[in-house]
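# Observations on the model geometry
Next come the chains, spelled out residue by residue.
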Amino acid sequence: MTVSIPGRLLRRAGAVCFTLGLTLVPLVAPDRGDIARASQVDTIPAEAKRIVSVGGSLTEIVFALGAQDRLVARDSTSTYPVEAETLPDVGYMRALSPEGVLSVQPDAILLLEGSGPPEAVEVLRKASVPMIFVPERFDSEGILVKIRAVGEALGLRAETKRFEAEVAADLEKAVEATAGIAERKRVLFVLSLQGGKILASGEGTAAAGIMALAGADNAIGGFTGYRQLTDEAVIEAQPDVVLVMAREGDLAISRDEIIAHPAIAATPAGENEAVIAMDGLYLLGFGPRTAQAARDLATDLYGNRAGN
Amino acid sequence: MTDETMDARAVLHRPEGDRSARARLAIIICAVLLVVIALGSLGWGASDASALGVVLDMISGGAESVPARDRIIVWDIRLPRIILGMLIGASLAVSGAVMQGLFRNPLADPGIVGVSAGAGLGAIGVIVLGGSFLAPVTAAFGIYALPFAAFLGGLATTLILYRVATRRGQTSVATMLLAGIALGALAGAASGLLVYVADDRQLRDLTFWNLGSLAGATWTKIAAAGPIIGLTLVASPFLARGLNGLSLGETTAYHLGIPVQRLKNVAIVMVAAAVGASVAVSGGIGFVGIVVPHLLRLAIGPDHRYLLPASALLGACLLLVADAVSRTIVAPAELPIGIVTAAVGAPFFLWILLRRRGLLDL
């Protein structure tokens, strides 16, 4: 039995999941368990035509390689391109339901590192559906690794090679554009502002990764992952700019809300009302669009000085 | 022998008149319902796998040539989930009924008075500290470490609650509720602290565990929690007579020859074990412990000899139905079952309260 649920609600649910998931993304050090699993990668048959893609950036890569016809389902973080949203949604990547995934009769599954839960993966393994685990790293090389892994799994050697070179050149250009910036801006990424408490990104996060690509520094350090900050820590960090995800609904953070925050008001970001809002998957997905996202962020931060 | 004791003796055997025929019928109906729902759940899911086909294939030794995928869906996904769902539903409902009898209060529920929170603290402790601080414990107990820690957490909370709320043999209802809320908050704070020091992988485990779900049902989990829950379910009918006596007050129960203190001890350990094991494998699933016994009390009366087995059966039914909804309503994705039980349980409970205002005392 399936009940139709309005797309907006699903999208919002997806956004909520994405936010929750971000607080749980793996740290810099690659997870040993996943790597071990990744090394005993199943090979998927080149003729695999019923593929489930779990992880927004992987779905983007499949589309970019022109293999979208071979997808039968995606997870709730796969929201780009828009056509991806027409595919059945097997749920949030970290809360997959094994029967749900098997119900679309997949002949291969692409899984971004961190997909789960382990029980679901265990059952899927038992069902002997070939699974490809793709590692996640928040830098340029991490994106190329994803492209290679997906391309290889799809058996599209020539296309992958061309696309990888294209993305690599694009990323290099984006990094070069901000290499000459002498005064790097300090950016505070605010994941949520629930009840006036700032949940900010530390080291090893996707947000820190995109800041580095855009020639900016993370205003906050000394911890990995996402932490709630005290107001004094925010003031001490003296961010030049506050970066947030643009979204609708309960989790939306409005510009006014940030500027009005007492701690942020006492920083250069608050004084200059410097708030940048960008789409979550675009900004933090570390997929094919990341170079463009880095360029957009750099332009917002440095204007023409970003050399674009 | 006074008239009062005579009445009391009568109550022991048939409180509130003779509703035993009706109660027996209710138990039979619940049992039949459970079988139907369980078989239905086995055949119904997000995929079109046919349970009948798989079973026929099993009997005929592979003659039906069912795809391997369907065999896995039925044996490794649906069946463990159904068994775990029945065990947990039964354990939550019986724990609720026993606690309500023990405290002689219809509001007593492991979720409301903080026992679940205490069990949760134990489970979170093992998830977060299992690799470091508590490594010897996890090494010694293996898959049982989590249910055991949850059991200890639940037991400690129940004991403290009982000590705080009971004075000179009288259990103060208001004190119990307030103390339960305070203990729940305390356990919640300790859990929060552990969550704060948890690393990302542990946090991920915690999130799933917190959502309250049967999604992680595996044969291993059944092996870990099944024996504990099974034992408490089998033991619960032996408390029935004592709990009936206790409903007259501890002094009266004592004079009727009920070993009150031992009864209380056994009941507390039992509830802590059942709730601990349930919480450890499925997280916090609310409302089963309070809705099921209440509904049954309205239908068959407060006699624990019928109430306890009927609660077990109806609790299992309720959780299976909720789980069937949770795994098919947004298929191929899945909704956490805690959302379903609360969304169905809370309005239903309010509706009962409105209809039967004033009739809800034990």
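So, how was this worked out
Residues numbered from 1 in each chain as written. Chains lettered and ligands numbered in written order. Predicted model: local features only at pLDDT ≥ 70, side-chain atom pairs only at ≥ 80, totals over all residues. UniProt positions renumbered as here; feature names shortened; annotations may be inferred. Buried ≥ 20, exposed ≤ 12 C-beta atoms within 10 Å, placed from the backbone. Helix = DSSP H or I, 4+ residues; strand = E, 2+ residues; numbered from the N terminus. Pairing = 2+ DSSP bridges. Expected span 1.5 Å × (residues − 1). Bend = angle between axes of the 7 residues up to and from the residue.

Under an unreviewed UniProt entry, the name given to chain B is Iron ABC transporter permease, and the source organism is Aquibium carbonis. UniProt, in the comment section headed Sequence similarities (unreviewed entry), describes chain B in these words: "Belongs to the binding-protein-dependent transport system permease family. FecCD subfamily." Per UniProt, chain B carries the Subcellular location (unreviewed entry) text "Cell membrane".

As recorded by an unreviewed UniProt entry, chain A carries the name Hemin ABC transporter substrate-binding protein and is attributed to Aquibium carbonis.

### Section: the pairing of strand β5 (residues 186-192) of chain A
All names here are of chain A. Among the seven residues of β5, five are classified as buried, and the element is accordingly described as predominantly covered. In this sheet, strand β7 (residues 217-218) lies alongside β5 in parallel orientation, the contact comprising two bridges. Note on β7: the bridge partner recorded for V187 is N218. In this structure, β5 lies alongside strand β9 (residues 241-246), joined through three bridges in parallel fashion. Each residue of the ladder has a partner; that of F189, found in β9, is L243.

### Quick look at helix α4 (residues 68-103) of chain B
Helical geometry note: an α-helix holds 3.6 residues per turn, so side chains three or four residues apart project in the same direction. Residues and elements named next belong to chain B. The terminal C-alpha atoms of α4 lie 51 Å apart, and with 36 residues this matches the ideal 52 Å at 1.5 Å per residue to within 8%. Within α4, the axis deviates most sharply at R78, by approximately 35 degrees, and proline P80 lies no more than four positions further along. Within α4, 29 of the 36 residues are buried, which leaves it mostly tucked inside the rest of the structure. Directly beyond the C-terminal end of α4, a positive phi value near 50 degrees is found at R104.

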